[in-house]
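Topology and contacts: notes
Read off the chains here:
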Amino acid sequence: MKKLRITDTGGPSVFEYVVNPHSFGQTVENLFYVSFLIKEGSCGIEMDDNGLPSLLIPNVRTDEEGRGQDVSKHQAVLSIDYGTWQDLIKAFDITEPMIPHREEERGAQMGARGWYA
C-alpha cells in the first residue's frame, strides 16, 4: 500500500496528498482546499499507526448532510514554510503530486504603478 501512497487507515497521507513537489504555492493552495473539505464534512483526518495524519473519506453525502451531522469537531492550526515543504518532500520521498500540477501563469509582473497598474 505504501507504493500506492495509501496508509493503514485506507486513505492517503495528508502530506503526500497535499504536497506538490514542483510548487510551494500549489502545496499551500491544496492544504487550504482540503481544510474546507474537512470543514464541510466531505473528508476527515485520522491518525495512522505511525501517528501521522491521513485523510478519511466518509460515505458520499451532500454538503448539508456533512455540515449537519453530529460529528466530533476539532480544530488544528498547521503552518508550513518553504523549509518545511522541502523537508516533507524529502521525508515522504514525494516525486509527483497526487493532486495534478496546475500550470502557473507567467507574465504577471509588477508595472511602474505597482501590481494594480
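My aim in this report is to walk through the structure given alongside it, one point at a time. (Residues numbered from 1 in each chain as written. Predicted model: local features only at pLDDT ≥ 70, side-chain atom pairs only at ≥ 80, totals over all residues. Heavy atoms only, no water.)

The number of helices and strands found in the protein is four helices and two strands. A buried classification covers 30% of the 117 residues belonging to the protein. For the protein, the proportion of contacts with a sequence separation of at least 24, taken over those separated by at least 6, is 61%. Total accessible area computed for the protein in this model is approximately 8900 Å², and 55% of it derives from carbon and sulfur atoms. (Helix = DSSP H or I, 4+ residues; strand = E, 2+ residues; numbered from the N terminus. Buried < 20%, exposed > 50% of the residue type's maximum accessible area, 1.4 Å probe, protein only. Contact = heavy atoms within 4.5 Å. Areas by Shrake-Rupley, 256 points an atom, 1.4 Å probe, with all protein chains shown as cover.)

Turning next to the pairing of strand S2 (residues 53-56). For strand S1 (residues 44-47) and S2, the ladder comprises four bridges, and the chain directions are antiparallel. Residue Ile-45 lies in a different strand from S2, and its bridge partner there is Leu-55. The antiparallel pairing of S1 with S2 creates a hairpin that spans five residues between the two strands, and Gly-51 there sits at a positive phi of about 80°. (Pairing = 2+ DSSP bridges.)

If you trace the backbone, Leu-78 turns up in the loop between helix H3 (63-68) and helix H4 (82-91). Its relative accessible area of 51% is what places Leu-78 among the exposed residues. Linking Leu-78 and Leu-31, residues 47 residues apart in sequence, is a C-alpha distance of 9.2 Å.

This brings us to H4. The complete set of buried residues in H4 reads Trp-85, Leu-88 and Ile-89. Angular distribution of buried residues about the axis of H4 spans 100°; they occupy a single face of the element. Opposite its buried face, H4 presents the exposed residues Lys-90 and Ala-91, each directed more than 90 degrees away. Considering only its buried residues, H4 is in contact with helix H1 (14-18) and helix H2 (24-39). Downstream of H4 by a residue or two, Asp-93 has a phi angle that is positive, lying close to 50°. (Arc of directions from axis to C-beta.)

Attention now goes to the nonpolar core. Core analysis: the largest hydrophobic core is formed by 13 residues, its most contacted members being Val-18, Val-19, Leu-55, Leu-88 and Phe-92. The set of elements that each furnish at least two residues to this core consists of H1, H2 and H4. Excluding residues that lie within four positions of it along the chain, Val-18 makes contacts with Thr-27, Asn-30, Leu-31 and Val-34. (Core = buried A, V, L, I, M, F, W, Y, C linked by side-chain atoms within 4.5 Å.)

Mapped onto the elements of the fold, Leu-56 is located in strand S2. As a C-alpha pair, Leu-56 and Ile-45 span 11 residues in sequence and 5.3 Å in three-dimensional space. Excluding residues within four positions of it along the chain, Leu-56 makes contact with Cys-43, Gly-44, Ile-45 and Glu-46.

Each aromatic ring pair is specified by the distance between its two centres and by the angle formed by the two planes. Across all of its chains, the model carries six aromatic pairs by this definition. Ring plane angle 65° and centroid distance 5.7 Å describe the contact between Phe-24 and Tyr-82, whose orientation is recorded as edge-to-face. With Phe-24 in helix H2 and Tyr-82 in helix H4, this residue pair connects regions lying 58 residues apart in the sequence. Note on Tyr-82 and Trp-85: the rings are 5.1 Å apart at their centroids and 45° apart in plane angle, and the pair reads as tilted. Of the two residues, Tyr-82 and Trp-85 both sit in helix H4, three residues apart, roughly one turn of that helix. Exposure remark for Tyr-82: the relative accessible area of 46% places this residue in the partly exposed category. Looking at Trp-85, the relative accessible area reads 6%, which means it is buried. Each residue in the set Phe-24, Tyr-82 and Trp-85 is aromatic and connected to the rest through ring pairs, giving one cluster. (Phe/Tyr/Trp six-rings, centres within 6.5 Å; stacked < 30°, edge-to-face > 60°.)

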